[in-house]
Amino acid sequence: MSSRRRLWPLLALPGTLWNLLLFAVPFYGVLALAGGHDDLLFNRRVPEWNPLRWNGDAYSAVWHGLGNGIYGDPFVRTCIYVALAMVGCFLIGYPVAYYVARYGGRHRALLLGLLLAPFWISYLMRMLAWVNLLQDDGYVNDILRVLHLSVHGVQWLDARWYTVVLGLVYGYVPFLVLPLFVALDRIDGRLLDASRDLGVGPTRTFLHVTLPLSRQGMLAAAAITALPMFGDYYTNTLLSGSPRTNMIGNQIQSAVRDASTRGIGAALVLSLTAFLLVAMAWSLRSTSRDQGVAA
């Protein structure tokens, strides 16, 4: 028994060290930077490692920025973009996951491999490919002209909010498909057969059996997909590059690049983290409640 008790802590040790070195220590560094003080002589932010001496000037600046629109507008814009992108991801990802789970058959492994293929390519490279497709003389505008849908083409890269949303959908939909596939694949097919045996049509079977049983997977997929979207700044930078479509990630990037505003950038990171923790807590509570009802 003693050897078994020692085995599990030893197996957990690499993961514990990994989280400690690459999450806990950097996160404390962000806290120290946000709670530090400004060095006016060298125009830089000095971290304060003693938590008893932390001050809240950076948080006050963020709070005032949220009120006067400097950070409030990008934060609201980010929430809207993420909400629209999540709708697009579900419209695309749910049918794909449903097809692979129900009708993939012997080709399921191949289909899953194709779904994983985007992860083998850098996100930056994929966004640059979109830039080539959406530029004024790109293939997308060429197709629109051939189909007579647009005479001069669409200026997709001219600070268009829908271009940023489409980029988010394209970049993050694989994160949503895989958890949805797992949830749909675990649904007992006998429940669907029982619904059909009772005379319920395919549409009502999907709405009243498949969809409710996949709700936990939908919540997990939404969390996995939305979390990185909130911190995204590459998509807007490459597909728009305009302050009119700035997201909160762009504000954080701009703040941390300047030595004099890094404290504000750290406070923005912590504020966004707190907001996402609340959203995650709601998601976990909803999932636990569904599991309790199912039990």
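Now for a description of the structure that goes with this document.

Rules and cut-offs
- Residues numbered from 1 in each chain as written.
- Predicted model: local features only at pLDDT ≥ 70, side-chain atom pairs only at ≥ 80, totals over all residues.
- Heavy atoms only, no water.
- Helix = DSSP H or I, 4+ residues; strand = E, 2+ residues; numbered from the N terminus.
- Buried < 20%, exposed > 50% of the residue type's maximum accessible area, 1.4 Å probe, protein only.
- Contact = heavy atoms within 4.5 Å.
- Areas by Shrake-Rupley, 256 points an atom, 1.4 Å probe, with all protein chains shown as cover.
- Lys, Arg positive; Asp, Glu negative; His and termini not counted.
- Charge placed at Lys NZ, Arg CZ, Asp CG, Glu CD.
- Disulfide = S-S within 2.5 Å.
- Core = buried A, V, L, I, M, F, W, Y, C linked by side-chain atoms within 4.5 Å.
- Axes fitted to C-alpha atoms, helices over the stretch in contact; angles between N-to-C directions.
- Parallel < 35°, antiparallel > 145°, perpendicular 65-115°, else oblique.
- Left-handed = near helix turned anticlockwise from the far one by under 90°.
- Nonpolar A, V, L, I, M, F, W, Y, C, P; charged D, E, K, R; others polar.
- Polar contact = N/O pair within 3.5 Å; in protein donor to acceptor, adjacent residues only side chain to side chain.
- Salt bridge = Lys/Arg side-chain N within 4 Å of Asp/Glu carboxyl O.
- Patch = residues over 30% accessible without salt bridge, like charges linked within 9 Å, V, L, I, M, F, W, Y side chains within 5 Å.

Things to note about the overall build of the protein chain
- When you go through the protein chain residue by residue, the secondary structure sums to 13 helices and 2 strands.
- C-alpha atoms of the protein chain, sized along the principal axes, occupy 75 × 75 × 35 Å.
- When the 295 residues of the protein chain are sorted by exposure, 35% land in the buried category.
- Across the protein chain, contacts joining residues at least 24 apart in sequence account for 64% of those joining residues at least 6 apart.
- Of the roughly 18100 Å² of accessible surface on the protein chain, 67% is carried by carbon and sulfur atoms.
- If the 23 positive side-chain charges of the protein chain are averaged to one point and the 16 negative ones to another, these points end up 10 Å apart.

Quick look at the state of the cysteines
- Going through the model one piece at a time under the given rule, you end up with 0 disulfides.
- Looking at the unpaired C89, the closest cysteine sulfur is the one in C79, lying at 16 Å.
- When its relative accessible area of 0% is taken as the criterion, C89 is described as buried.

Thoughts on the nonpolar core
- L168 and M229 are the most contacted members of the largest nonpolar core, which totals 43 residues.
- Elements represented by at least two residues in this core include exactly α2 (57-68), α3 (72-103), α5 (123-134), α7 (161-185), α10 (215-230), α12 (248-257) and α13 (262-294).
- When residues of this core are assigned to their parent elements, the largest contribution, 11 residues, is made by α7.
- What M229 contacts, discounting residues up to four positions off in sequence, is V82, A85, M86, C89, L168, Y172 and M247.

Here we look at the packing of α5 against α7
- In contact at an axis separation of 11 Å, α5 and α7 are set at 135 degrees when each is read in the N-to-C sense. The orientation of α5 with respect to α7, classified from their angle, is oblique. At the point where α5 passes α7, the crossing takes the right-handed sense. Every residue of α7 that contacts α5 at Y123, R126, M127, W130 and L134 is listed here: T163, G167, Y170, G171 and Y172.
- In terms of residue class, the contact of α5 with α7 is made up of 6 nonpolar, 3 polar and 1 charged.

Thoughts on the environment of I70
- Locating I70 in the fold gives a position in the loop between α2 and α3.
- The exposure class assigned to I70 is partly exposed, which follows from its relative accessible area of 48%.
- With 181 residues separating them along the chain, I70 and Q251 place their C-alpha atoms 8.9 Å apart.
- Once residues within four sequence positions are removed from consideration, I70 is found in contact with G65 and Q251.

Remarks on the side chain of N236
- With respect to the secondary-structure elements, N236 resides in helix α11 (residues 234-239).
- In terms of polar contacts, N236 uses its side chain to reach the side chain of T245, at 2.5 Å.
- Ignoring sequence-local partners within four residues, the contact set of N236 consists of V164, G241, S242, T245, N246, M247 and N250.

What about the packing of helix α4 (residues 108-116) against α7?
- Closest axis-to-axis distance for the α4/α7 pair is 9 Å, and the angle between their directions is 155 degrees. On the basis of the axis angle, α4 is roughly antiparallel to α7. Between α4 and α7, the contacting residues are R108, L112, L115 and L116 on the first element and P174, V177, L178, F181 and D185 on the second.
- In terms of residue class, the contact of α4 with α7 is built from 7 nonpolar, no polar and 2 charged.

Digging into the pattern of salt bridges
- A complete count under the given rule lists 8 salt bridges for this structure.
- Note that D185 and R108 form a salt bridge whose closest N and O atoms lie 2.9 Å from each other. With a gap of 77 residues between them, D185 in helix α7 and R108 in helix α4 connect regions that are remote in the sequence.
- A relative accessible area of 25% places R108 in the partly exposed class.
- Measuring nitrogen to oxygen at the nearest pair gives 2.6 Å for the salt bridge that ties R196 to D193.

Points about a nonpolar patch on the surface
- Taken together, the side chains of L10, L13, L17, W18, L20, L21, L22 and V25 define a hydrophobic patch exposed on the protein surface, amounting to about 840 Å² of accessible area.
- Locating W18 in the fold gives a position in helix α1 (residues 2-34).

Let's talk about unusual backbone geometry
- Not every positive phi belongs to a glycine, and H148 is a case in point at roughly 60 degrees.
- Here H148 shows up in the loop between α6 (139-146) and α7.
- H148 sits in the exposed class, given a relative accessible area of 74%.
- The backbone of A159 shows a phi angle near 55 degrees, a positive value even though the residue is not glycine.
- By relative accessible area, A159 is classed as buried at 15%.

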